[in-house]
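Residue strings, one per chain:
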Amino acid sequence: MDRRTVIKNLALVIGGATLLPSCIKGSGNYIPLKHINITADQEKLISDICETIIPKTDVPGARELNLHVFVLKMLDDCYKKKDQQAIMKGLGEFNALVQKRYNQSFGDLSVKDREAVLTGIENSHKPKAGGNKPPARSFRPQKDLHVPPLDAFYQAMKQQTIFAYTTSQFFMTKEIVYELVPGRYNAHFPVKNLKTA
Amino acid sequence: MANLNTESVKQRTFDAIVIGSGMSGGWAAKELTDNGLKTLILERGRDVKHVKDYPTTNLYPWEFPHHGVLPMAVQEANPIVNRCYAFGEDSAHFFVKDAEHLYVQVKPFDWIRGYQVGGKSLLWARQTQRWSDFDYEGPARDGFAVDWPIRYKDIDPWYSHVEKFAGISGNRDGIPELPDGEFLPAWPLNDVESYFSDFVKKNYKNRYVISARCAHLSKPNQIHLDQGRSQCQERELCQRGCPFGGYFSANASTIPWALRSGHATLRPFSVVESVIYDDKAGKATGVRVIDTHTKEAIEYYAKVIFVNAAALNSNLVLLNSKSTRFPNGLGNDSGVLGKYFAFHNYSAHIGAEVEGYTEWTTDGRNPAGGGYIPRFRNVYKQETDFLRGYACGLSAYRYRQHKYDGVGADLKENLVKGDLSPWYIGSHMMGETIPKETNFVALDSSKKDEWGVPLLNISVDYDDNDMKMQKDYVEQLTEMFTSAGFKNIKASTNHQAPGLDIHEMGGARMGKDPKTSILNEWNQVHSCKNVYVTDGACMTSTSCQNPSLTYMALTARAANHAVEELKKGNIT
């Protein structure tokens, strides 16, 4: 094979990028689920929680990025059945907890109260000081959730919202720069020269 | 009708047949066609054309349905292959799913397979370290298995031959137990890896930390451009297939090369049921293939046959090739076929924190993976209570630490911001295992697969030697890390089943004596010289270096031997 073929192959590489399936992005707020049943109210709750975890700031938040669609897809496809059951049970407990405390639904709460509900759950189940908290480098679903339903629901929501956000096209092109083709390895690189987002 | 048959037989007759199109089969096809032999390449799976059939190669993380995570249904349906580190949403289409080809785990064994043109050469970890006479003389010196019928000098030129073509990056380190080769420039060690390398050199006799040698084009030569390959772009997405041909795979290199010669015919969807042995002619005359679409049996004929189906399937083909002359499998007069099967011991790793070097980091990605520590135990003489030794992979890294507490705007900002972590350093062991008669594979007496081929029973396990070696690795690396000043050292052992190392070897071992081995010094079946076996099945011992480079060299050497034997009329 000659250089021209090399160039042809490279053209395929570059061309390939424009021929990709768009996957689920932009598919609106409806997503067919296979393993769990989600009502319109539940979908709205999940969407509200996503927006509370990753709100709109000077850059887009969960709603604008449609993150809850991806979160639902992950809940539907990437958890074990028993964990899905725990998560759905936890969703019910979450609703009951909000209703009991505020006599309102989550969607009717102020942003401040929404945040308080979520951090309340998070803080009540934090590992004790000195506990062995693993460094969170990945928000891929855990193989098994070994926590009560409310926590399973909260953890799944938080992990998958963060995973959805940090692997979104917006985040990976605007907030950090994910490089598909780095074309370099500098083994001795000054920290001060790192690009900051 | 007779004429039609004659014509049909003619169309199914070749000079050579190569069973398998992966790491070693690709090399057999290349060398045989380079020498003008009309060659049929049989592949049990589908065709995978370079670039065209790498559907995920240019996808960004967000373009995968689950951003890289495999659906639970896939994970739960595939407990075996799901244990492989490279099995993900971007690469699952190149792995055999558990239900696709069953086998019998007499003892736990994770058989990781790639049934497609290119086989596992699309998926390998691309580490390419030569063996030395400390390896080839191992069994004879230490009294296990049988003596290798070759020595380093026999294979040295063939290592060079395949290295030049495949493209191997590395430094000329001048280490006798890890001979230098034909290298493209190495990827460098980072600051912490370099520190450890210098420290080890200064403080230990005969211990070295070098840049891992790997099959990546750091700086392609003309021969690589001629293959249509170009410089490695440090993507580290190799398991998707590389559109640059930056690493060596049969798909990017040997198979298209063989096809361009005009002498090769590639037939995918062809499960080889057996090698046909003609009792009257006293030689193998061809192979019997099951077309996986039609389930039809078809025979192909050739003067010489290369068995490169990957270690376990090559054993399966030979064991299932029964004839009056060979009732227990082709070439199995000795009864050792399927026995003395071995693997690599990957059962421990170690990690630590490193102080200092805070002003420095890395930028981009290192396709070589970092450092490599050649075997230092029992090299020059026996010095421990276990035989042989282990090599170690090594890499140092840091990453951006984010605060994940809470929810809302602060969390969102923290996902971008974050300080770099301290440096961490990690290593894993790659231990030699001792081939034993009690570690074996055999045909199941009743169960067959959908192509009518018996299932393979696999009975392979660790032994005391492996556990002693694991303990020694943990002790030695802990000591080295401690002396080097690393902190918070944590060693861990795992109970991964044999097979997950994906370095399965043996069963049709080479040897000098037909009474105790299957293959001679040229990889010919002792008692059926027109059949060559040159993949992992041929290995007499396992050494601790990654074996693919040695399969490639043995294959190129054997293929050129076959060409000479045909010329001389020793094979007809």
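Residues numbered from 1 in each chain as written. Chains lettered and ligands numbered in written order. Predicted model: local features only at pLDDT ≥ 70, side-chain atom pairs only at ≥ 80, totals over all residues.

### As for the overall build of chain B
In terms of regular secondary structure, chain B is built from 13 helices and 25 strands. What you see for chain B is a C-alpha radius of gyration of 24 Å, in line with the 25 Å of a compact globule of 572 residues. Reported as C-alpha extents along the three principal axes, the dimensions of chain B are approximately 80 × 55 × 50 Å. Taking all 572 residues of chain B together, the buried fraction comes to 56%. For chain B, contacts bridging at least 24 residues in sequence account for 71% of all contacts bridging at least 6. (Helix = DSSP H or I, 4+ residues; strand = E, 2+ residues; numbered from the N terminus. Rg over C-alpha atoms; globule rule 2.2 N^0.38 Å. Buried ≥ 20, exposed ≤ 12 C-beta atoms within 10 Å, placed from the backbone. Contact = placed C-beta atoms within 7 Å.)

### Examining the confidence of the model for chain B
Mean pLDDT over chain B works out to 97, with 100% of the residues at or above the 70 mark. The complex model carries a pTM of 0.93, and its ipTM stands at 0.93. (pLDDT = per-residue confidence, 0-100.)

### Looking at the domain arrangement of chain B
You'll often see interface size given as the accessible area lost when the parts meet. Residue and element names in this part refer to chain B. Taken as a whole, chain B is organised into domain 1 (13-169 + 247-339 + 435-461 + 504-572) and domain 2 (171-212 + 347-387 + 389-433 + 462-497). One C-alpha centre belongs to domain 1, the other to domain 2; they are set 31 Å apart. Contacts between the two partners involve 22 residues from domain 1, matched on the other side by 28 residues from domain 2. If you tally residues by element for the side of domain 1 that touches domain 2, the top one is helix α6 (residues 152-166), at 4 residues. (Domains from an automatic or database assignment.)

### Overview of the environment of B:G167
Among the secondary structure elements, B:G167 is positioned in the loop between α6 and β4 (168-169). Beyond its immediate sequence surroundings of up to four residues, B:G167 is in contact with B:L184, B:A215, B:L217, B:P220, B:H224 and B:F248.

### Here's the deal with the nonpolar core
Among the nonpolar cores identified, the biggest contains 162 residues, and B:I17, B:I19, B:V162, B:I305 and B:V307 are the most heavily contacted of them. Considering every element that reaches this core, the biggest residue donor is helix α13 (residues 548-568) of chain B, with 10 residues. Inspection of this core shows a minimum of three residues originating in each of domain 1 (13-169 + 247-339 + 435-461 + 504-572) and domain 2 (171-212 + 347-387 + 389-433 + 462-497) of chain B. Ignoring any residue separated from it by four or fewer positions in sequence, one finds B:I305 in contact with B:I17, B:V275, B:A284, B:V287, B:N530 and B:V531. The next biggest cluster of nonpolar side chains, apart from the first, holds 44 residues, and it includes A:I53, A:F94, A:F163 and A:A164. (Core = buried A, V, L, I, M, F, W, Y, C linked by C-beta atoms within 7 Å.)

### Looking at the interface of chain A and chain B
Listed as interface residues are 58 residues of chain A and, on the opposing side, 47 residues of chain B. Among the elements of the structure, α1 (3-16), α2 (40-53), α4 (67-77), α6 (111-124), α7 (149-166), α8 (169-175) and β1 (185-190) of chain A are those that each provide at least two residues to the side of chain A that touches chain B. Per-element accounting of the side of chain A that touches chain B gives the leading share, 8 residues, to α1(A). Grouping the amino acids of the side of chain A that touches chain B by side-chain chemistry returns 35 nonpolar, 13 polar and 10 charged. Two strands pair when backbone bridges link them, and β1(A) and strand β14 (residues 360-364) of chain B are joined in this way by 4 bridges, in the antiparallel orientation. (Nonpolar A, V, L, I, M, F, W, Y, C, P; charged D, E, K, R; others polar. Pairing = 2+ DSSP bridges.)

### A few points about the sheet that holds strand β20 (residues 440-448) of chain B
All names here are of chain B. A sheet is described by the order of its strands in space; here 3 strands give the open sequence β3-β21-β20, paired in mixed fashion. Every interior strand has two partners, whereas the edge strands, β3 (104-105) and β20, have only one. One ladder, built from 5 bridges, connects β20 with strand β21 (residues 454-459); its direction is antiparallel. What sits directly across from A442, in β21, is N457. Packing against the sheet, helix α10 (residues 311-319) makes contact with β20 and β21, and its axis sits at approximately 60° to β20. (Axes fitted to C-alpha atoms, helices over the stretch in contact; angles between N-to-C directions.)

### What about the packing of α4(A) against α7(A)?
Between two packed helices, the angle of one axis relative to the other and the distance separating the axes together describe the packing. Residue and element names in this part refer to chain A. At a minimum axis distance of 9 Å, the contact between α4 and α7 shows a crossing angle of 120°. With respect to α7, the axis of α4 lies oblique. Regarding α4 and α7, the two cross each other, and that crossing is right-handed. Between α4, through L67, F70, V71, M74 and L75, and α7, the contact on the second element is made entirely by A156, Q160, T161, A164 and Y165. Residues belonging to the contact of α4 with α7 are distributed by class as follows: 8 nonpolar, 2 polar and no charged. (Parallel < 35°, antiparallel > 145°, perpendicular 65-115°, else oblique. Left-handed = near helix turned anticlockwise from the far one by under 90°.)

### What about the environment of B:V162?
Residue and element names in this part refer to chain B. Its location among the elements puts V162 in helix α6. Distance from V162 to M505, taken between C-alpha atoms, is 20 Å for residues 343 residues apart in sequence. The residues contacting V162, other than those within four sequence positions of it, are W27, L549, M552, A553 and A556.

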